[in-house]
Structure formats: structure tokens, C-alpha cells
Amino acid sequence: MIKFLFLVTLFFLSVSLPAPAETDTETELERLKDQLKALTAQVNRLEKRLQSEQSTEQSKPAHEAGQHKIPEKRAPAIQFTGDMRGRYEYFDARNRPIRQRSRIRLRLGAEANINDSTSLHVRLATGGDNPTSTNLTLDGGFSRKDFGLDRAYVRHRLTDQQQILVGKMSNPYHRIGGTGILFDSDLNPEGLAWTFNNTHWQGVLGAYYLDERKDDDNIMLYAMQWAFQQNWTNSGMQLGIGYYDYDNLQGAQPIYQNERFGNRFNLSNHMVHDFNIAEIYARYDTRQLPKPFTVFTSYLNNTATDDEHEAFVVGFKYGSTKKPGDWQLGSHYQYTEADAVYGLFNDSDFAGGETDARGHVWQFGYGLNRQLSMGFTWIDAVRNMHLGTATDYDRLMLDLSYRF
């Protein structure tokens, strides 16, 4: 292109010059030919130089490419998330009147990037001060509903594999199969945690505050979990262990609303046993079937007592609800003796949130669209299976969940 412009310019200049005398015509033509050759050579040199500079610019990394780089879109400093769920529940505890109720759950979250390695996470949720439930029952004569701080923590990235969490945080521990045999899905621990995650290994170490007491030592939880992960082309597996040491819990009175949740207390309403819970779990995933399939199991043992100290869960999930029209079917069997786990923190839906229970959980979910899904859960359990009169407990839940 540059050569063409130079030649055209030269042509117009040449034709616009006054005509030379006839005696000098041959000399003038020779001179113009020499100038044309010189200009053509200069244009060729300029073109080669320009091509070399363009090639060098394209080979530079993106951060050195200067004004030729197309600006990348950066994530906003603050990101907002939220979800809303409506639920209908039906209870039949046999020795109590049949109960029906409708409930709602609303959660609003925000994440702010303080710098390249630190972020702030905040979430508000319905549910009052219950540590294992964010549901609100529709009753009370249209009264205003509780809405409070559900999470508030800082995440500091030490490396690509290690992070520190400080505050009231999302639960960093793996809940096998999504079950709440040890920790309910709504539980958000309060304290300090270190997490590690790479291709094959995942780990969590944490120290958490359960109860601050003026006249006695604080009640604490020191927890560890470590897992090995192996993935193949169409499948994967995970094997993990955990240890959860509750400090100063033995001899304490109930922490939340004087509720015992199936654990054993003496006549003075003090907890009989300590809780030092060992855990081992396994999970296997495969994508070789028409839909994703997962099978999982976990075994728990409270080593601080010699009886009523075991719990386990085994189950499966088939399918997914991530896309419109997708569905998922799942089931698990859960067995929890009275002091196998700390009752305040385990699944608040299974057997009414109490230990000393066993039973099946059946679940079905369907994705209506990317923001909306529906789910059905049937809990077929037995309460007081060892300590008291065994009683059947059935609970049906129908959910409609929105994400935004």
C-alpha cells in the first residue's frame, strides 16, 4: 500500500513538471528513472521495517503489548448474589398431631475484592438466630420477619492453593453427599480456618467459638479434615478423614434455647459426655451413565464415650438440576446414635433435628430453568431408637427455589 501511494505521488509530480527542452529530454528521462529506482528501494525498506515491528508487537505478552492490546473486561469490585425459596412441609410424628406449614427463605450476599489476595464476604438471611435453619414460618398475623447476619468473613489467599478464612464463614468442611449427619447445610462456623486445595489433596484446619463464658473457659471446636482426590477421564473418587474436638462442652448446659437435640444430659441439665469425633468418608463419581452418578458413605465415632457413639450414612445421587429440563434422584440411609455427633449442629430436618435416630431420605429435583428449580424430599425416620420409646417420624417437603 505504501509503495503504491509513493508511486502514484511520483507520477503526478512528474506529469506536473514543465516539459524540458528537446535537447535535454533523454538526460531528464534517465534522471527520473534513477530517482524512481531510489524511491522504490526506500519504500521496500520502509515496508520491511513496518512488518518487522508488527511481528514483534504481536509476539509480546498481553501485558507488554501496549496500545495494540484489546482491553480485557475485569470483574466488578463488588458482586451480588441471592436466592429465595418457598417450602411446604407436612409432619407426622405419630405421638403428636399432624402438622402442616409453609415457610420461606431469603438470602442476599455480596463479595468485595479488597485487593488481589483478599476479599470480604457478607450474607444476610432470614431465620433469626437459629444456627441450623434460615427458614421463616408464615404465621404471626402478618408480622415482620427476622432478617440478620448470616455470614461475615474475610478470605485471604496466601497462594493459589492456600487460604485463610476469618469471621463467620461458609462451612469449609466437606459434607459427604451434601448430607447433614455432622453439619447442617445452613451452619456457618465462627472463628479461624486454613484451607488447602490442589489437584489431589484437600485439607482444612480450624478453631471456632461456640460459647463465650464469663465465669468459665470458652466452649470451642477444633476441627481437621483431610482428603485425597483422584480424577480420571469419566470418573473420580475421594477418600477423607476428619477429627472434631469440642473443648469444655462436657458439663455445659445447652447452648441454644435449652434444647438438647437428642444428646444426653444429667438431672442438672448438664451434658454428660464430651465430643471428640473421628470421621472417615468416601465418594465415587462417574459420568459413564446417561446422567452423572455419585455413591457416597461416611462413618463417625465419638471417641469420648463408650456407648451411643456411632453414626453412619450411605447413599447415592443420579442426575443434575443445573440445566432446564434436567432432573436428579437421590437417596441415603442415616443412622445416628444419641452422642455420636453434637445435636445442635446436625441436620435440622432429619428426625426433627434430633440424634438417637435412623431412617431413609428420598429426594427428587427438577430444573425448570437456569434460575428456578423444584424439589421434593421425603424423610422416613425413627426417633428415640435406643433411649426411649421408638417412634416413627415422617416429613414431606416441597420446595420451589429461585436464584439470582
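Residues numbered from 1 in each chain as written. Predicted model: local features only at pLDDT ≥ 70, side-chain atom pairs only at ≥ 80, totals over all residues. Heavy atoms only, no water.

A. Representation of the overall build of the protein in the model. Looking only at helices and strands, the protein has two helices and 17 strands in total. Per-residue burial for the protein yields a buried fraction of 39% across its 404 residues. The contacts in the protein between residues at least 6 apart in sequence include a share of 55% that link residues at least 24 apart. A total accessible area of about 23,600 Å² is found for the protein, and carbon and sulfur atoms account for 55% of it. (Helix = DSSP H or I, 4+ residues; strand = E, 2+ residues; numbered from the N terminus. Buried < 20%, exposed > 50% of the residue type's maximum accessible area, 1.4 Å probe, protein only. Contact = heavy atoms within 4.5 Å. Areas by Shrake-Rupley, 256 points an atom, 1.4 Å probe, with all protein chains shown as cover.)

B. Broad picture of the nonpolar core. Membership of the largest hydrophobic core comes to 37 residues, with the highest contact counts inside it found for F183, Y244 and Y246. When residues of this core are traced back to their parent elements, those giving at least two are β8 (201-211), β9 (219-231), β10 (235-247), β11 (276-286), β12 (293-302) and β13 (310-319). (Core = buried A, V, L, I, M, F, W, Y, C linked by side-chain atoms within 4.5 Å.)

C. Representation of the environment of N301 in the model. For N301, the location among the structural elements is in strand β12. If sequence neighbours within four positions are ignored, N301 has contacts with N276, I277, A278, H309 and E310.

D. Spotlight on the pattern of salt bridges. Tallying each qualifying case throughout the model produces 18 salt bridges. E89 serves as the salt-bridge partner of R395, at 3.1 Å between the closest nitrogen and oxygen. You can see R395 sitting in strand β17 (residues 391-403) and its partner E89 sitting in strand β1 (residues 78-92), a full 306 residues away along the chain. For the pair formed by R395 and E89, the shared burial category is buried. Here the salt bridges share partners, and the residues they tie into one network are R87, E89, R101, D349, R395 and D399. (Salt bridge = Lys/Arg side-chain N within 4 Å of Asp/Glu carboxyl O.)

E. Quick look at the packing of aromatic side chains. For the structure shown, the criterion picks out 19 aromatic pairs. Aromatic side chains F196 and W226 sit 5.9 Å apart centroid to centroid with 20° between the ring planes, which places their arrangement in the stacked category. A residue pair is termed long-range when its members are at least 10 positions apart, and F196 in strand β7 (residues 190-197) and W226 in strand β9 qualify at 30 residues. The partly exposed category is assigned to W226, whose relative accessible area is 31%. Plain terms: the ring middles of F312 and Y335 are 5.4 Å apart, the flat faces sit at 20° to each other, and that makes the pair stacked. (Phe/Tyr/Trp six-rings, centres within 6.5 Å; stacked < 30°, edge-to-face > 60°.)

F. Looking closely at the environment of A93. Counting through the fold element by element, A93 comes out in the loop between β1 and β2 (99-113). The spatial distance from the C-alpha of A93 to the C-alpha of R383 is 8.9 Å, given a sequence separation of 290 residues. For A93, the contacting residues outside a window of four places in its chain are R383, T391, D392 and Y393.

G. The arrangement of a nonpolar patch on the surface in detail. A cluster of nonpolar side chains, Y88, L329, W362, F364, Y366, L368, M374, F376, W378, L398, L400 and Y402, forms an exposed patch at the surface whose accessible area comes to about 1,000 Å². Those elements that place two or more of their residues in the nonpolar patch are β15 (357-367), β16 (372-383) and β17. Within the fold, M374 resides in strand β16. The class for M374 is partly exposed, based on a relative accessible area of 36%. (Patch = residues over 30% accessible without salt bridge, like charges linked within 9 Å, V, L, I, M, F, W, Y side chains within 5 Å.)

H. Here's a closer look at unusual backbone geometry. Even without being glycine, A351 reaches a positive phi, approximately 55°. By the secondary structure assignment, A351 is in the loop between β14 (327-336) and β15. With relative accessibility at 0%, the residue A351 sits in the buried group. Here N384, not a glycine, exhibits a phi torsion of approximately 55°, which is positive. As for its position among the elements, N384 is in the loop between β16 and β17. By relative accessible area, N384 is classed as partly exposed at 27%.

I. The arrangement of the confidence of the model for the protein in detail. Overall, the predicted model of the protein reaches an average pLDDT of 89, with 84% of residues at or above 70. The low-confidence segment residues 2-8, where pLDDT is below 50, has nine contacts with residues more than four positions distant or belonging to other chains. A low-confidence stretch, residues 19-23 stays under pLDDT 50, and its non-local contacts, those more than four residues away or across chains, total one contact. (pLDDT = per-residue confidence, 0-100.)

J. A look at the side chain of D186. Within the element layout of this structure, D186 appears in the loop between β6 (162-168) and β7. Given a relative accessible area of 8%, D186 falls into the buried group. Ignoring anything within four residues of it in the chain, the contact list for D186 reads R105, R107, P131, T132, S133 and T134.

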